[in-house]
Amino acid sequence: MAYALDLRLPPPTELCRVVREECRQAKAHLRRRGSLLPESVHEARRALRRVRAALLIVRPGLAAADYAAALAPWREAGRRLCAQRDAQSAIEALERLERVAPTLLTPSARARLERGLRQRRDRLSRGADPELDAALVELGGAQRAIAGWTSELTPEVLWRGMRDGHARAAAAAALAAAAPADDPAWHRFRQRVRAHWLQLELLRPVWPALVGAQAQEARRLSQLLGRERDLLLLDQRLVALRGDPAPDCPRAPLRAEVARRRELMRSRALALAAVSFSEGARAFSRRLRRAAQAGPPPARSGEDSG
């Protein structure tokens, strides 16, 4: 089923269904190895992020200890997949850079740089089995941890969770705006925007057109910040290389272009965030709650729309 809540059913039942489905998908991806590993790790991490967003949305209804116990295995499973995904992200960042600036690298320089990045990714992949197996064990424990959710999780908890998620993302945007490029504030900004987007996806059935439009904007912002981070990972690999990527391609011009594009993406992200979070968190939550109470508008008939 889709990553969305059916609010006609008890929230604990629906949240457990969503978590179980995402866990099933993550485990299925982690069992695929070999040449499929980079894509498998990516898809598994996406499933883990969806679960963590769902946990955040019900945080106001859980005791601190219960929330920490529920979150810990999902966080640990994601941590074990981080190195493999970051290595692939640097490759993808270089591929996107080549598409928008095809003359930046000579063919020989590009081939040598790509080869170095892929060799590192493949080296990590060859040693990944213990980490992937450990992540599978973590996911088994994660499923058991959510069994303690109770009927105390009411729809009101969802609105409070959405309010808090909106507020956290807006606050993270403000902190990032005042921080330098490589400050951890930008990482938190990206994480909190992504969680807000996924929470909107969970509640899209409340009013598909209205919530769906907001989810789409949050997704755009999340992807923009994600691509900025991919360029950061590429830049870190350039710094780690010994010597130039190729004799005819010094690192300095390449890193300068990466820095320029990262700055542009950060500027665009802050402009988009200013629009996305112009509504206060409480007003946003009240609007969602009222939309849920009213129900989505009926589909217009052909005669009405004509």
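Residues numbered from 1 in each chain as written. Predicted model: local features only at pLDDT ≥ 70, side-chain atom pairs only at ≥ 80, totals over all residues. Heavy atoms only, no water.

K.L.:
Describe helix H2 (residues 37-57), and please don't skip the residues or the numbers.
P.N.:
With 21 residues, H2 should reach 30 Å at 1.5 Å per residue; the first-to-last C-alpha distance of 30 Å fits that figure. Within H2, 17 of the 21 residues are buried, which leaves the element mostly enclosed by the surrounding structure. (Helix = DSSP H or I, 4+ residues; strand = E, 2+ residues; numbered from the N terminus. Expected span 1.5 Å × (residues − 1). Buried < 20%, exposed > 50% of the residue type's maximum accessible area, 1.4 Å probe, protein only.)

K.L.:
Could you give an account of the pattern of salt bridges, naming the residues involved and the relevant values?
P.N.:
Here the structure, examined in full by the defined rule, presents 24 salt bridges. Its salt-bridge partner being Arg8, residue Asp6 comes within 2.9 Å of it at the nearest N-O pair. Among the residues examined, Asp6 registers a relative accessible area of 23% and is labelled partly exposed. Taking relative accessible area as the criterion, Arg8 reaches 75% and is therefore assigned exposed. (Salt bridge = Lys/Arg side-chain N within 4 Å of Asp/Glu carboxyl O.)

K.L.:
Explain the packing of helix H4 (residues 82-100) against helix H5 (residues 107-126) to me, and be specific about the residues and the numbers.
P.N.:
Running from amino to carboxyl end, H4 crosses H5 at an angle of 160 degrees, the nearest separation of the two axes being 8 Å. The orientation of H4 with respect to H5, classified from their angle, is roughly antiparallel. Crossing handedness for the pair H4 and H5: left-handed. Facing Ala83, Gln84, Ala87, Gln88, Ala90, Ile91, Leu94, Glu95 and Glu98 of H4, the residues of H5 in contact are Arg110, Leu113, Glu114, Leu117, Arg118, Arg120, Arg121 and Leu124. Considered class by class, the residues forming the contact of H4 with H5 number eight nonpolar, two polar and seven charged. (Axes fitted to C-alpha atoms, helices over the stretch in contact; angles between N-to-C directions. Parallel < 35°, antiparallel > 145°, perpendicular 65-115°, else oblique. Left-handed = near helix turned anticlockwise from the far one by under 90°. Contact = heavy atoms within 4.5 Å. Nonpolar A, V, L, I, M, F, W, Y, C, P; charged D, E, K, R; others polar.)

K.L.:
Can you lay out the environment of Arg20 for me, pointing to particular residues and giving the numbers?
P.N.:
If you trace the backbone, Arg20 turns up in helix H1 (residues 11-30). Considering only alpha carbons, one finds Arg20 and Ala142, 122 residues apart in sequence, at a separation of 9.5 Å.

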